[in-house]
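If you want the building blocks of each chain, they are given just below.
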Amino acid sequence: RKEQPVNRRLARSTANARPGDEGVALLLALLFVVLLTVLVVEHAYETTVEASYVENNLTMFQAETAARSAVAYGYSLLASDLESSTLAGVEGTDFDSLVDVWAEGLPYQQINEAIMQCRVQDEYGKLNLNALLKPNNNEENEYVVEALRILLERRGGDPELVDAILDWVDLDDNVRSSGAEADYYTTLEPAYGCKNGPFSSLEELLLVDGMTTELYFGDPENPEEFPSLTELLTVHGDPLGRINVNTARYPVLEAMSEAIGESGLCEMILTWQENGDPVTSRKDAETRGLLDAKEQTSRQQRRAEAEAGARKPEVWTWSSDVFQIEGMGLYERAMVRIQAFVWRDSGREAAELFRTLDWRVTQ
């Protein structure tokens, strides 16, 4: 008798349950399973991304380590060049040429599981944009300016572009006939100013009015005939604008030879390079007809004679102070390129032999 009321209440409670309650419970259970699945999948995705990120960082680290090793190898080549003779009876410190040990570079070589490559270039073998104006004044260095005009024209560029380049580096705001100053650059979108100072890098040349990417980068399908301007021009060359006859390429030699009115010199110099017969000293340069004998006269007098055409202009040199070391590192699908522009001071101890002028890493 006592259990009967309880059983009746249970029966009534079951009878009063709504028919959709079971479905709601099932939906809630399914929703919980879906949310749990999303969380698990998201966690797995994040774990995969993080693992891939770590792997990519490790890959880039290996490639950059190889590139740095290649640059270090380049430093060692430049240092060893000062310790050994490149020609019988001639010290390597007296000249720099393509027969020197640094010019050999390093072909692709394995280092650990990566591959490295090193190339060393002489910046004095290129035309120096920062020598378009004479040191300590705003006067044009006529032979360097004319050589640049010829070089650009031979590559299909507008020789009047030199006016814009001169306006970029000179110290005033006076516009040359085909040049451009700040009043032009500030009208561009985006606007920027005119440097009115030395180039910090060769890429800065792309900001100059009239410079095109086609002219700057050359012809990638025919790099021998139309190389990039990075192979011919520099901002770290000889301060006086002189060209190293032992390392300069044909377009530079041609431009400078024509600028001084001695176009025949170009082929003669190239023959010396091809035969491994570099100019080794001033006396050697005088003997070969590159320079007049250096008489015991004042610098002002020699300069006056050169300007009057009585002496050959001193636009050639045979030794260099600044070099570009290019190190390449390859590891799996990663590649890192490092460019180091270094000043080599042969008069200092080994610990102070080099001073890095610029360091760039490209991935």
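Up top you'll find the structure we're talking about.
For the structure given in this document, a descriptive report is provided here.

Considering the overall build of the protein
Next, step 1: For the protein, the count of helices and strands is 10 helices and 11 strands.
Next, step 2: Relative to its full complement of 363 residues, the protein shows a buried share of 41%.
Next, step 3: Taking the intrachain contacts of the protein between residues at least 6 apart in sequence as the baseline, contacts between residues at least 24 apart amount to 60%.

Overview of a nonpolar patch on the surface
Next, step 1: A contiguous nonpolar patch, built from Val24, Leu28, Leu31 and Leu35 and spanning about 380 Å² of accessible area, is present on the exposed surface.
Next, step 2: With a relative accessible area of 47%, Leu31 lands in the partly exposed category.

Regarding the packing of helix H3 (residues 142–154) against helix H7 (residues 250–259)
Next, step 1: Running from amino to carboxyl end, H3 crosses H7 at an angle of 130 degrees, the nearest separation of the two axes being 8 Å. When the axis of H3 is compared with that of H7, the two are oblique. Crossing of H3 against H7: the hand is right-handed. Mapping the contact onto sequence places Tyr143, Val144, Glu146, Ala147, Ile150, Leu151 and Arg154 in H3 and Pro251, Val252, Glu254, Ala255, Met256, Glu258 and Ala259 in H7.
Next, step 2: The residue makeup of the contact of H3 with H7, split by class, is 10 nonpolar, no polar and four charged.

Brief notes about the sheet that holds strand E4 (residues 114–122)
Next, step 1: Pairing within the open sheet is antiparallel, and its five strands lie in the order E3-E4-E9-E10-E11. At either margin of the open sheet sits one strand with a lone partner, and together these are strand E3 (106–111) and strand E11 (354–362). On average, each strand axis in the sheet is inclined to that of its neighbour by 20 degrees, with strand direction left out of account.
Next, step 2: Strand direction decides the pairing type here: strand E9 (residues 322–331) and strand E10 (residues 334–344), joined by 10 bridges, are antiparallel. If you follow Val322 over to E10, its bridge partner there is Trp343.

Considerations on the nonpolar core
Next, step 1: Core analysis: the biggest nonpolar cluster contains 54 residues, and Leu205, Leu290 and Trp316 have the highest contact counts within it.
Next, step 2: Every element with two or more residues in this core is listed here: H3, helix H4 (161–169), helix H6 (213–217), H7 and helix H8 (264–274).
Next, step 3: For Trp316, the contacting residues outside a window of four places in its chain are Arg242, Ile243, Val245, Leu253, Met256, Ser257, Ile260, Leu265, Ile269 and Leu290.
Next, step 4: Grouped together as the second largest cluster of nonpolar side chains are 22 residues, Ala66, Tyr75, Val120 and Phe323 included.

A word on the pattern of salt bridges
Next, step 1: Under the counting rule described, the total for this entry stands at 22 salt bridges.
Next, step 2: Here Glu254 and Arg154 are joined by a salt bridge, their closest N and O atoms 3.5 Å apart. Of this pair, Glu254 sits in helix H7 while Arg154 is found in helix H3, placing the two residues 100 residues apart along the sequence.
Next, step 3: Looking at Arg154, the relative accessible area reads 40%, which means it is partly exposed.

Digging into the packing of aromatic side chains
Next, step 1: For the structure shown, the criterion picks out seven aromatic pairs.
Next, step 2: Both rings, one in Trp102 and one in Phe323, keep their centres 5.2 Å apart while their planes meet at 65 degrees; by these two values the pair is edge-to-face. Of this pair, Trp102 sits in the loop between strand E2 (90–91) and E3 while Phe323 sits in strand E9, and the two are 221 residues apart along the sequence.
Next, step 3: Aromatic ring contacts, followed pair by pair, group Trp168, Tyr184, Tyr185 and Tyr192 into a single cluster.

So, H3
Next, step 1: The terminal C-alpha atoms of H3 lie 18 Å apart, and with 13 residues this matches the ideal 18 Å at 1.5 Å per residue to within 8%.
Next, step 2: Among the residues making up H3, those that are buried are Val144, Val145, Ala147, Leu148, Arg149, Ile150, Leu151 and Leu152.
Next, step 3: Along its buried surface, H3 packs onto strand E5 (127–128), H4, H6, strand E6 (233–234) and H7.

Examining the environment of Ile243
Next, step 1: You can see Ile243 is positioned in strand E7 (residues 243–244).
Next, step 2: In this structure, the C-alpha to C-alpha distance between Ile243 and Ser320, residues 77 residues apart in sequence, is 9.3 Å.
Next, step 3: Other than its neighbours up to four places away in sequence, Ile243 contacts Tyr124, Gly125, Lys126, Leu127, Ala248, Val252, Met256, Val315, Trp316 and Thr317.

Overview of the pairing of E3
Next, step 1: Sheet topology note: the E3/E4 ladder contains four bridges and is antiparallel. Within E4, the residue paired with Gln110 across the bridge is Ile115.

As for the packing of H7 against H8
Next, step 1: Taken N-terminus to C-terminus, the directions of H7 and H8 make an angle of 145 degrees; their axes are 8 Å apart at the nearest point. In the crossing of H7 with H8, the sense of the turn from one axis to the other is right-handed. For the pair H7 and H8, the contacting residues are Tyr250, Leu253, Glu254 and Ser257 in the first and Leu265, Cys266, Glu267, Ile269, Leu270 and Gln273 in the second.
Next, step 2: Taken together, the residues of the contact of H7 with H8 sort by class into six nonpolar, two polar and two charged.

Overview of the pairing of E10
Next, step 1: Burial runs high along E10: eight of the 11 residues are buried.
Next, step 2: Inspection of the sheet shows E10 paired to E11 by eight bridges, in the antiparallel sense. Considered in E11, the bridge of Ile338 is made with Val361.

Rules behind the numbers
Residues numbered from 1 in each chain as written. Predicted model: local features only at pLDDT ≥ 70, side-chain atom pairs only at ≥ 80, totals over all residues. Heavy atoms only, no water. Helix = DSSP H or I, 4+ residues; strand = E, 2+ residues; numbered from the N terminus. Buried < 20%, exposed > 50% of the residue type's maximum accessible area, 1.4 Å probe, protein only. Contact = heavy atoms within 4.5 Å. Patch = residues over 30% accessible without salt bridge, like charges linked within 9 Å, V, L, I, M, F, W, Y side chains within 5 Å. Areas by Shrake-Rupley, 256 points an atom, 1.4 Å probe, with all protein chains shown as cover. Salt bridge = Lys/Arg side-chain N within 4 Å of Asp/Glu carboxyl O. Axes fitted to C-alpha atoms, helices over the stretch in contact; angles between N-to-C directions. Parallel < 35°, antiparallel > 145°, perpendicular 65-115°, else oblique. Left-handed = near helix turned anticlockwise from the far one by under 90°. Nonpolar A, V, L, I, M, F, W, Y, C, P; charged D, E, K, R; others polar. Pairing = 2+ DSSP bridges. Core = buried A, V, L, I, M, F, W, Y, C linked by side-chain atoms within 4.5 Å. Phe/Tyr/Trp six-rings, centres within 6.5 Å; stacked < 30°, edge-to-face > 60°. Expected span 1.5 Å × (residues − 1).

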